Amino acid sequence: MTDPLLGALVGLLGARYAEPGAAAGERLADKHRRYHGQARAYVRPANTDEVAAVVRLCKAFDASVVVQGGNTGLMAAATPDASGRSVLLSLERMNRVREVDSANDTLTAEAGCILRHVQQAAAGVGRLFPLSLGAEGSCTLGGNLGTNAGGTAVLRYGNTRELCLGLEVVTAEGEIWHGLRGLRKDNTGYALRDLYIGSEGTLGIITAATLKLFPQPSARATAYVAFGSLAQGIALLSHLRAGLSAGLTGFELMSAACLALVGQQFPGSVLPFPRLQAPWYALLELSGYASQGEAQAQLQQVLESALEQGLISDASLAQSLAQSEAMWQLRENMSEAQAREGRNMKHDISLPLSRLEAFVASTEQQLAEQFPGVRHYTFGHLGDGNLHYNVAAPLGMSSEAHMARYAALSQVVHDNAHAHGGSISAEHGIGQRKRDLLPRYKSAVELQLMRRLKQALDPDNRLNPGKVIALEPTP
Ligand code: ZN
């Protein structure tokens, strides 16, 4: 006997785009296949009206809705639970760039657009859409907005929230909020846009967004630098900001272990220095509007003064576009190099820069005492205080045995981040993976405010239930 909801969905979308839940296949699991769910149906609506109609049918037939984009998220926010009550809604067919307004420096695109296509549409009119991250070839704009994604250019341009001016959202009631405004100033009440961004599909379904565009830089200069301590790295960041002002676009930190591992796992890589003698490295990028030669000269001059002041011990400046791309390739291969070596524990944390070095020192010490021999692969976006603080198995221990200690080990990392004024999720979100950690690190007042918002915007708990926040306070 077919589910009457499926029958109604087929009536709405046709059998090709409204299928039984099992048809979702690997979309029922998260990217790392840690979480597996069931769906009552799998739908792929073509436009906002269809999304709204799907939500209204789910309300009529008492189903919940889990929205999914590129399924590249790391916190399993887009994976339905095991109850089989949810309709899995993919936005993959909503992949149009609706409008590019170059005079207003804005672009309006649908949530199912792949990030790279948004970047390309901006480049097509000589503009830059600066959001840039490892998954950009397969992640979608809706997921970027849902998680308030960060990436490698946040230092200069901000997170996704700061790049978005307007939204179109389907509410839990199946209404449409037409909020696609291209305004940089608009003080007309509560910041609904900012509330939906980062809500991971729990408050509404983002179907389109109006985004900020920037002038396309005409020049970029790239370099690797070596330094002896995190304190020096942070002093270097100040020095570069003062010397390059807004031109500093990237400051990607990595430990010597991270860089060496990329060299091992990707044998064709050219490391920036013949020997990795310093403990820390950073990939720097300056982008600007002068000539290529001027940009390189400017970066070189600032790095020479950093060398004179003892902030860095070495620098290697890309001399060509090919060299610059090879430098970025090392950074882009960093996660994959770790995956090839074996699974490790990933922590996406952020800290005030003033506390970063103290955090690393105290965490390493406690981990060494409680989990002797663990190895650290620390990298991240230093300009944003965002560390990917990854901890690998001691030599000789299997990664399975190491991963079995995840809860206890990651609690040491998260407790330390919290104690130093940091966050347990900088750019990956909460999803289901970190949901039950929130009560440890957020006050009862903050959690209650979040619950009230959820109940106000989604009173039936229909949208992505069980993600981000548990509705019942933990006893
Ligand atoms: Zn990152």
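Since the structure is predicted, the reported quantities are computational estimates derived from the model, not experimental observations.

### Some details on the overall build of the protein chain
Helix and strand counts for the protein chain stand at 16 helices and 18 strands. Computed over its C-alpha atoms, the radius of gyration of the protein chain comes to 23 Å, within 12% of the 23 Å expected for a compact globule of 475 residues. Counting the 475 residues in the protein chain, one finds 51% classified as buried. The contacts in the protein chain between residues at least 6 apart in sequence include a share of 72% that link residues at least 24 apart. When the accessible surface of the protein chain is split by element, carbon and sulfur atoms take 52% of a total near 20,100 Å². Put simply, the protein chain has 42 plus and 44 minus side-chain charges, and the middle of one group is 3 Å from the middle of the other.

### A few points about the packing of aromatic side chains
Enumeration over the complete set of coordinates arrives at 4 aromatic pairs. Pairing Y157 with F214 gives two aromatic rings, centres 4.9 Å apart and planes at 65°, and the pair type is edge-to-face. Remark: F214 occurs in strand β11 (residues 214-215) and Y157 occurs in helix α5 (residues 154-157); sequence separation between them is 57 residues. The class for Y157 is buried, based on a relative accessible area of 10%. For the ring pair F273 and Y281, a centre distance of 5.8 Å and an interplane angle of 35° mean the geometry is tilted. This pair shows no difference in class: F273 is buried, exactly as Y281 is. Just above the ring of Y17 sits the side chain of R93; from NZ or CZ to the centre is 3.3 Å.

### Quick word on empty space enclosed by the protein
Applying the stated rule across the entire model yields 3 cavities of 30 Å³ or more. Within this model, the largest cavity holds a volume of roughly 120 Å³. Across the lining of the largest cavity, the residue classes break down as 3 nonpolar, 3 polar and 5 charged.

### Some remarks on the sheet that holds strand β4 (residues 86-90)
By way of backbone hydrogen bonds, the strands of a sheet pair with one another, either parallel or antiparallel. The mixed open sheet is built from 4 strands, whose spatial order is β1-β2-β4-β3. The sheet is open, and its two edges are formed by β1 (18-20) and β3 (64-68), each paired on a single side. Sheet twist, expressed as the average angle between the axes of neighbouring strands with direction ignored, equals 25°. Of the pairings in the sheet, the one linking β1 to strand β2 (residues 41-43) comprises 3 bridges and is antiparallel in character. By the bridge assignment, A18 is partnered in β2 with V43.

### Let's talk about the layout of surface pockets
Computed from the structure, the second largest pocket encloses a volume of approximately 710 Å³. Along the walls of the second largest pocket sit 31 residues, with G198, I430, K442, M450 and V468 positioned nearest its centre. Listing elements by their share of the lining of the second largest pocket, those giving two or more residues are α6 (192-196), α15 (438-441) and α16 (444-457). By residue class, the composition of the lining of the second largest pocket is 12 nonpolar, 11 polar and 8 charged.

### Some points on the coordination of the zinc ion
Coordination of the zinc ion by the protein is provided by H381 (NE2), H388 (NE2) and E427 (OE), with metal-donor distances spanning 1.8 to 2.2 Å. Spacing between the donor residues of the zinc ion along their common chain follows H-x6-H-x38-E. Of this pair, H381 sits in strand β17 (residues 375-381) while E427 sits in the loop between α14 (406-419) and α15, and the two are 46 residues apart along the sequence. Given the relative accessible area of 3%, H381 is considered buried.

### Considerations on the sheet that holds strand β10 (residues 205-212)
Ordered in space as β5-β6-β10-β8-β9, the 5 strands form an open sheet in which the pairing is antiparallel. Every other strand in the sheet has two partners, leaving β5 (97-101) and β9 (176-179) as the edge strands with one partner each. Adjacent strand axes in the sheet meet at a mean angle of 15° when their direction is disregarded. Two strands pair when backbone bridges link them, and strand β8 (residues 164-170) and β9 are joined in this way by 4 bridges, in the antiparallel orientation. From the neighbouring strand, V170 faces β9, where its bridge partner is I176. Lying on the sheet, helix α2 (residues 48-60) is in contact with β5, β8, β9 and β10; it crosses β8 at an angle near 45°. Lying over the sheet, helix α3 (residues 115-123) contacts β5, β6 (106-110) and β10, oriented at roughly 145° with respect to β6.

### What to know about helix α12 (residues 353-370)
Every α-helical turn comprises 3.6 residues, leaving residues that sit three or four positions apart pointing alike. The first and last C-alpha atoms of α12 sit 26 Å apart over 18 residues, in line with the 26 Å expected at 1.5 Å per residue. Among the residues making up α12, those that are buried are L356, F359, V360, S362, T363 and L367.

### Here we look at a nonpolar patch on the surface
Taken together, V97, V100 and V125 make up a surface patch of nonpolar side chains, about 170 Å² in accessible area. Here V100 is to be found in strand β5.

### A look at the state of the cysteines
Tallied over the full model, the rule gives 0 disulfides. Not part of a disulfide, C139 finds its nearest cysteine sulfur in C113, a span of 11 Å. Its relative accessible area of 3% is what places C139 among the buried residues.

### Points about the pairing of strand β13 (residues 248-255)
Among the 8 residues that make up β13, 8 are buried, leaving the element largely enclosed by the rest of the structure. Sheet topology places β13 next to strand β14 (residues 280-288); 7 bridges connect them, and they run antiparallel. By the bridge assignment for β14, M254 is matched with Y281. Bridge count for β13 against β17 is 3 bridges, and the pairing is antiparallel. Each bridged residue has a counterpart across the sheet, and for L253 the counterpart in β17 is G380.

### Some words on the side chain of T363
Along the polypeptide, T363 turns up in helix α12. Residue classification places T363 among the buried positions, given a relative accessible area of 0%. Among the polar contacts listed, one links the side chain of T363 to the backbone oxygen of F359, at a separation of 2.7 Å. With residues near it in sequence (within four places) discarded, T363 still touches Y389, V413 and N416.

Rules and cut-offs
- Residues numbered from 1 in each chain as written.
- Predicted model: local features only at pLDDT ≥ 70, side-chain atom pairs only at ≥ 80, totals over all residues.
- Heavy atoms only, no water.
- Helix = DSSP H or I, 4+ residues; strand = E, 2+ residues; numbered from the N terminus.
- Rg over C-alpha atoms; globule rule 2.2 N^0.38 Å.
- Buried < 20%, exposed > 50% of the residue type's maximum accessible area, 1.4 Å probe, protein only.
- Contact = heavy atoms within 4.5 Å.
- Areas by Shrake-Rupley, 256 points an atom, 1.4 Å probe, with all protein chains shown as cover.
- Lys, Arg positive; Asp, Glu negative; His and termini not counted.
- Charge placed at Lys NZ, Arg CZ, Asp CG, Glu CD.
- Phe/Tyr/Trp six-rings, centres within 6.5 Å; stacked < 30°, edge-to-face > 60°.
- Lys NZ or Arg CZ within 6 Å of the ring centre and 35° of its normal.
- 1 Å grid on protein atoms, 1.4 Å probe; cavity = no way out; pocket = protein on both sides within 12 Å on 5 of 7 lines; lining within 4 Å.
- Points joined across faces, edges and corners; volume = space filled by probe spheres on them.
- Nonpolar A, V, L, I, M, F, W, Y, C, P; charged D, E, K, R; others polar.
- Pairing = 2+ DSSP bridges.
- Axes fitted to C-alpha atoms, helices over the stretch in contact; angles between N-to-C directions.
- Donors = N, O, S within 2.8 Å, 3.2 Å for Na, K, Ca; no water.
- Expected span 1.5 Å × (residues − 1).
- Patch = residues over 30% accessible without salt bridge, like charges linked within 9 Å, V, L, I, M, F, W, Y side chains within 5 Å.
- Salt bridge = Lys/Arg side-chain N within 4 Å of Asp/Glu carboxyl O.
- Disulfide = S-S within 2.5 Å.
- Polar contact = N/O pair within 3.5 Å; in protein donor to acceptor, adjacent residues only side chain to side chain.

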